[in-house]
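Architecture at a glance
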Amino acid sequence: TLQLKWVQGYRGWDTRQNVFYTQGDQIAYHAAAVGICYDPKTKTQRFITDDPESEGVAEGNTDDILCMARHPNKSIFATGEIGLKPKIIIWDASTMVQLNQVGGFHRRAVIAMTFSPGEGTYLASVGQDNDHSVAIYDWKKEELLATFKGDQNPVLSISWSPYDNVLVTTGVKHIKFVTDTFTPSKPITKGWRVRPKKGLIGKKGKIQNFYTCAFLGQGRTVTGTRSGELYVFEKVTLVDTVKAHKSKVCAVHTVDSLLISGGDDGVVKMWNTADMTLAHQVAMPSMSISESACIRSVFADSKHAILVGTKTGEIYEITDKPKLLVQSHQEGELWGLAIHPEGKTFTSASDDGTLRTWCTESREQLACTRLVQKPLPLENSSLNTGCIRSVAYSPDGHMIAAGTVNGKVYLLRSGTLDHLSVLDERNQWVTDIKWSPTGKYLAVATHDSFIDIYECDR
C-alpha cells in the first residue's frame, strides 16, 4: 500500500493568509487537497486528506483546498475546498484527525474562513456563488446558524475581531462590517438575521480592492489595498491612510502591539499599532525567480518569529533574517516528472515555466531554471510558450530533455540545469519524451500525432 510521506509544495498563488503556527510550534498550511503540519526541527510532515483506498468514513478534504483558518486554541484548523458542493473539514493538528465536517450550503468553492474569537464556537465561511454568500456555523454541533449575502463582487477575506467580535469581509471594491454578532450573554442562534454595514470611505480614500484585514484594537480595523496603502477604520468609517507598499497589500496580521503587512513589492513591514509608524522591514527574495516575491500570507504568535507565504509557492520564517522552509512550483498545472536513474534526485516541470531538480532524501530543491525567459501567450489559450509539459532523463543521468507546449525540446545538463541545445521541429504540445536504453536515440511525441526520432551525438 502506498503511503504519503512528503508533499513538495504550498498553494500561494491564489490564496491569502494561509500559513500558521500550531500550538506545538509546527507550521500548518495546505497544498492540493492536503492539510499539512511541518516540523522545521525534524524536517518531517504530517497530513490530513481523504484516503481513496480507505474503506472507512472519509476524513479530510477530497478536492483542492482554497482557504484555511486557525482556531483560537492554536490546535484546531479548518480547511475549505473547491467543488460543486464543497465541504469544510475541521481537524486537530496534534493528532491530524478530523473533528467535524460542515457543508451543504456553499456552491463552487469555499474561499475564505474565520473562527470566532474567545472560545471559537462559531465558524464563518464565504462561498463562490454569485452573491459570495457567508455562512455561520456552530461547528461542534455541525449546525448552520445563519447566512447572508456577501457581495456580488468577489469576497477575498473574512475576519473576526478579538476585541469586540465585529465580523469583517473585504473584497473587490468593498469592505463590510457586521457589528452586532454575539456576546457571552447573547449567543448566535439559528435564524439570526445579519445586516452588514458598508465601510464609509469618504474623501480620505477611494473605493478599491481590499484584500485582507486585521484589528488594531477596540473598533479599529486595518485593511490592505490595491494601491499599496493601509486603510484604518474606526468602527465603519475610514479615518487614516498609510502609504505602506509600492504595490497591492494582500496580507496583514497583528500580534501584540505590532502590525505586519506584506505587499506585492516583496517587502514585509512591521508597524507600531499605536501610531502606525514603521518599526522595521525585510525584503523577501524569491529563491525560484531571483526577484522579489509577492507576499500572500504573514503570521506571527510573537514579535520574534514571522511566517511568510509567497505567491511563488515559498514559505519563509523571519527571525533575524528570512529562512527558507518550503519551496514549490507556482501557478499552473504540473505535468512533467522524471526520476534520475540512480534514484537520488527527481525533476519536475510545470506550466509556471520552471524546471526543478529535487533531492529524494533531504527533499530540498537542488536547482531551478526557467526555459523561456520572456514567454509569449498562445493564441486562444491560457497557456504561454514557456509552459513545460514533459521531461525525461537520459539513461546515464547526465542529460535532461524537457518539452514545451509549443513543440520545443530543450536539452540540459542534469546536475546544473545548464542549457545545451534546443530541438525546434514542431509547434504543438510535446506530450511525451523517451530515450532509448543506450541513450543513442531520443523519441519526441507531439500533440499533432507525430513521433520524431533524434540521434544523439555526444
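Everything quoted here is computed from the prediction, not taken from an experiment.

Conventions adopted
Residues numbered from 1 in each chain as written. Predicted model: local features only at pLDDT ≥ 70, side-chain atom pairs only at ≥ 80, totals over all residues. Heavy atoms only, no water. Buried < 20%, exposed > 50% of the residue type's maximum accessible area, 1.4 Å probe, protein only. Helix = DSSP H or I, 4+ residues; strand = E, 2+ residues; numbered from the N terminus. Pairing = 2+ DSSP bridges. Salt bridge = Lys/Arg side-chain N within 4 Å of Asp/Glu carboxyl O. Core = buried A, V, L, I, M, F, W, Y, C linked by side-chain atoms within 4.5 Å. Axes fitted to C-alpha atoms, helices over the stretch in contact; angles between N-to-C directions. Phe/Tyr/Trp six-rings, centres within 6.5 Å; stacked < 30°, edge-to-face > 60°. 1 Å grid on protein atoms, 1.4 Å probe; cavity = no way out; pocket = protein on both sides within 12 Å on 5 of 7 lines; lining within 4 Å. Points joined across faces, edges and corners; volume = space filled by probe spheres on them. Nonpolar A, V, L, I, M, F, W, Y, C, P; charged D, E, K, R; others polar. Patch = residues over 30% accessible without salt bridge, like charges linked within 9 Å, V, L, I, M, F, W, Y side chains within 5 Å. Areas by Shrake-Rupley, 256 points an atom, 1.4 Å probe, with all protein chains shown as cover.

Most of strand β6 (residues 76–81) is tucked away: six of the six residues are buried. What you see with β6 is no split at all: Ile 76, Ala 78 and Gly 80 on one side and Phe 77, Thr 79 and Glu 81 on the other are buried throughout. Pairing between strand β5 (residues 65–70) and β6: five bridges, direction antiparallel. Looking across to β6, one finds that Ala 69 is bridged to Ala 78. By the bridge criterion, five bridges tie β6 to strand β7 (residues 87–92) in an arrangement that is antiparallel. Looking across to β7, one finds that Ala 78 is bridged to Ile 90.

Inspection of every chain in the model, using the stated rule, returns 17 salt bridges. Put simply, Arg 70 and Asp 301 hold a salt bridge, and the shortest N to O gap is 3.0 Å. On the criterion of sequence distance, the pair formed by Arg 70 in strand β5 and Asp 301 in strand β25 (residues 295–302) is long-range, its members being 231 residues apart. Judged by its relative accessible area of 18%, Arg 70 is buried. Note that Arg 220 and Glu 234 form a salt bridge whose closest N and O atoms lie 3.4 Å from each other. Here Glu 234 lies in strand β19 (residues 229–234) and Arg 220 lies in strand β18 (residues 220–225), a separation of 14 residues in the sequence. Through salt bridges with shared partners, one network takes in Arg 11, Asp 14 and Asp 64.

With that settled, consider the nonpolar core. Ranked by internal contacts, the top residues of the largest apolar core, which has 27 residues, are Val 19, Ile 27, Tyr 29, Ile 36, Phe 77 and Trp 91. Elements that contribute at least two residues to this core include exactly β1 (20–21), β2 (27–31), β3 (34–39), β4 (44–48), β7, β26 (305–310) and β28 (322–326). Within the second largest apolar cluster, 21 residues are counted, among which are Ile 111, Ala 124, Val 178 and Ile 188.

All right, on to unusual backbone geometry then. With a phi angle near 55°, Asp 256 is a residue other than glycine that sits in the positive phi range. By the element assignment, Asp 256 lies in the loop between β21 (249–255) and β22 (258–263). Residue Met 276 is not a glycine yet carries a positive backbone phi of 60°. Looking at the element boundaries, Met 276 is found in the loop between β23 (267–272) and β24 (277–283).

Read across the open sheet, the four strands follow the order β5-β6-β7-β8; overall the sheet is antiparallel. Of all the strands in the sheet, just β5 and β8 (97–103) have a single pairing partner and so form its edges. Recorded for the sheet is a direction-independent mean angle of 20° between the axes of neighbouring strands.

Residues Asp 452 and Tyr 454 point to one face of strand β39 (residues 451–455) and are all buried, whereas Ile 451, Ile 453 and Glu 455, pointing to the other face, are not buried. Alignment of strand β38 (residues 441–446) against β39, held across five bridges, turns out to be antiparallel. Each bridged residue has a counterpart across the sheet, and for Leu 442 the counterpart in β39 is Tyr 454. Two successive antiparallel strands, β38 and β39, enclose a turn made up of four residues, where Ser 449 displays a positive phi of approximately 75°.

Tallied over the full model, the rule gives 14 aromatic pairs. Centre to centre, the rings of Phe 210 and Tyr 231 are 5.7 Å apart; their planes meet at 55°, and the pair counts as tilted. Taken together, the residues Phe 210 in strand β17 (residues 210–217) and Tyr 231 in strand β19 connect sequence positions 21 residues apart. Assessed through its relative accessible area of 1%, Tyr 231 is described here as buried. A network of ring pairs unites the aromatic residues Phe 20, Tyr 21, Phe 77, Trp 91 and Phe 299 as a single cluster.

Looking now at empty space enclosed by the protein. Taken as a whole and assessed by the stated rule, the structure comprises one cavity of 30 Å³ or more. Its volume calculated, the largest cavity comes out at about 40 Å³. Residue lining of the largest cavity: Gly 407, Val 409, Leu 423, Glu 425, Arg 426, Val 444, Thr 446, Asp 452 and Tyr 454, and that is the complete set. Broken down by secondary-structure element, the contributors of at least two residues to the lining of the largest cavity are β38 and β39. A breakdown of the residues in the lining of the largest cavity according to their chemical character gives four nonpolar, two polar and three charged.

In this structure, Cys 368 sits in strand β32 (residues 365–370). Along the backbone, Cys 368 and Thr 357 are eleven residues apart, and their C-alpha atoms lie at a distance of 6.5 Å.

Now for the sheet that holds β21. Spatially, four strands are ordered β21-β22-β23-β24 in an open sheet, and the strand pairing comes out antiparallel. Edge positions in the sheet fall to β21 and β24, since each has one partner strand and no second. Across the sheet, the axes of successive neighbouring strands diverge by a mean angle of 20°, strand direction being ignored.

Our focus in this paragraph is a nonpolar patch on the surface. A cluster of nonpolar side chains, contributed by Tyr 441, Ile 451 and Ile 453, occupies part of the molecular surface with about 320 Å² of accessible area. Mapped onto the elements of the fold, Ile 451 is located in strand β39. A relative accessible area of 60% places Ile 451 in the exposed class.

Using a probe with the size of a water molecule, rolled over the atoms, empty space left in the structure can be pinpointed. When its volume is computed, the largest pocket comes out at roughly 1100 Å³. Around the largest pocket, the lining is made up of 43 residues, and of these Gln 17, Phe 20, Thr 114, Ile 158 and Ser 159 lie nearest the centre. Per element, the largest residue contribution to the lining of the largest pocket is six residues, and it comes from strand β13 (residues 155–160). In terms of residue class, the lining of the largest pocket is made up of 25 nonpolar, twelve polar and six charged. Estimates place the volume of the second largest pocket at around 910 Å³. Residue lining of the second largest pocket: 29 residues in total, with Val 7, Gln 8, Gly 9, Ala 32 and Leu 334 positioned closest to the centre. Secondary structure elements with two or more residues in the lining of the second largest pocket: β29 (334–339), β30 (345–350) and β31 (354–359). In terms of residue count, β30 provides more of the lining of the second largest pocket than any other element does, three residues in total. Within the lining of the second largest pocket, the residues separate by chemical class into 13 nonpolar, ten polar and six charged.

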